[in-house]
Amino acid sequence: MTTISEKVSEKLTRPVSKRVSQSVFDGSRLRVVLLVDVYDGAQQQFLEAYEQLCNQVAQVPGHVSDQLCQSIENPSQWLITSEWESAPPFLAWVNSEEHVEMVKPLHNCVRDTRSLRFQVVRETGGPAADAVRVLQDEPRMGDGVIRHALTFTVRPGSEADVAKILADYASPKAEVDESTRLCRTSLFMHGNRVVRAIEVRGDLMAALRHVARQPEVRAVEEAINPYLEQDRDLDDQDSARVFFTRAALPAVHHVAAEELTEGDRHALYYPARPGCGMRLAELLAQQDEAAAEDPASPVLHSTVFQRDDVVVRLVEQRPGTPVDAVPAHALTALLDGDAVRMRLLTDRRSPDA
């Protein structure tokens, strides 16, 4: 009889750096789980929209398979699972304009969704049991913090007004619920591009919804509305959803040096050539991983955020050390302009973070 441990041992494993708590670049297969709450009576409409969508998704490079499941207890609850060759092709698709347009037919029949992404660490049995898979030899060890960012552009000439609005608002309540709280929010700006980096303990989506409902944040969002290059109506659910979908700037890599002290926070913006954003982010991640192994490096922590051709590197350095915005030579061919240090507008931490 073949045991589970024997089956797992047949797979090839790769070492993972203990200093890297998050990365999409290790080559593991990706399992995406989408929890969907459908409006009562809209099940058939949802099924038809899904069937149209899945035929399109099947043509996306890197897609392997998907399943649609309906709850046996509540017919309004559905589960979509999909498998991808690795995380980068999935992120390239889910963050694209093609995806924004593709999922629009679902909006009229879906009350709420929650997306979860998992890298395959171990597997046993099934059709792929005999396939050669490269798996992590150990699980990644995180610090309990979820990192996310949002980015958007404002109309040229409005930068000073927007910077003042974003720097002066009152902080929202940090506690979301018993298990979720906001830890830190940092706002940066370069030219007409704004980046808001968020750190959360607990449920990221619950935290984002909590922040959106806070009157202090709502007032700021309303105040900057006239300056946005992409129009939005926060009272229109679809308009707000599309805006924040396009604004999402996911963290694709996080590394920390062995020394866990806090430092000076900086954001560096790397404008990538068309189609080069993911590769640029991967090279920056490799660069930071090497720096984390060097005791002489000024970098204490680094998170790389990437969406399409927007790449932002958020670093914490030893206090008083100079920030080097000049990329390594291997990166210059991927850049569409100079890498620049963004201006810090505000950096707020929860007292209990």
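Structure's up top.
Residues numbered from 1 in each chain as written. Predicted model: local features only at pLDDT ≥ 70, side-chain atom pairs only at ≥ 80, totals over all residues. Heavy atoms only, no water.

**Q** Explain the sheet that holds strand β3 (residues 30-38) to me, please; I cannot follow it from the model alone.
**A** Strand-to-strand pairing in sheets goes through backbone hydrogen bonds, with the strands running parallel or antiparallel. Within the open sheet, the 4 strands sit side by side as β4-β5-β3-β6. Their pairing is antiparallel. Every other strand in the sheet has two partners, leaving β4 (63-70) and β6 (110-119) as the edge strands with one partner each. On average, each strand axis in the sheet is inclined to that of its neighbour by 15°, with strand direction left out of account. Strand direction decides the pairing type here: β3 and strand β5 (residues 77-84), joined by 8 bridges, are antiparallel. Following the sheet pairing, Asp37 is matched in β5 by Gln77. Relative to the sheet, helix α2 (residues 43-57) contacts β3, β4, β5 and β6, its axis offset from that of β4 by approximately 175°. (Pairing = 2+ DSSP bridges. Helix = DSSP H or I, 4+ residues; strand = E, 2+ residues; numbered from the N terminus. Axes fitted to C-alpha atoms, helices over the stretch in contact; angles between N-to-C directions. Contact = heavy atoms within 4.5 Å.)

**Q** Quick question: what am I supposed to make of helix α6 (residues 204-213) here?
**A** Given 3.6 residues to a turn, an α-helix orients residues that are three or four positions apart in the same direction. Those residues of α6 not exposed but buried are Leu204, Ala206, Ala207 and His210. Axial view of α6: buried residues confined to an arc of 160°, hence all on one face. Structurally, α6 contributes buried residues whose contacts are with β8 (146-153), β9 (181-190) and β10 (193-201). By the N-cap criterion, in which a side-chain oxygen at the helix start approaches the backbone nitrogen of a residue two or three places on, α6 is capped by Asp203, the distance to Met205 being 3.0 Å. (Buried < 20%, exposed > 50% of the residue type's maximum accessible area, 1.4 Å probe, protein only. Arc of directions from axis to C-beta. Polar contact = N/O pair within 3.5 Å; in protein donor to acceptor, adjacent residues only side chain to side chain.)

**Q** Even after reading the chapter, I still don't get the packing of helix α5 (residues 159-168) against helix α7 (residues 215-224), so can you show me in this structure?
**A** When two helices pack together, their arrangement is given by the angle between the helix axes and the distance between those axes. Direction vectors running N to C along α5 and α7 enclose 180°, while the axes themselves pass 10 Å from each other. Here α5 is positioned roughly antiparallel relative to α7, judged by the angle of their axes. Across the interface between the two elements, Val162, Ile165 and Leu166 from α5 touch Val220, Ala223 and Ile224 from α7. For the contact of α5 with α7, a count of residues per class yields 6 nonpolar, no polar and no charged. (Parallel < 35°, antiparallel > 145°, perpendicular 65-115°, else oblique. Nonpolar A, V, L, I, M, F, W, Y, C, P; charged D, E, K, R; others polar.)

The analysis is restricted to geometry; functional conclusions fall outside its scope.
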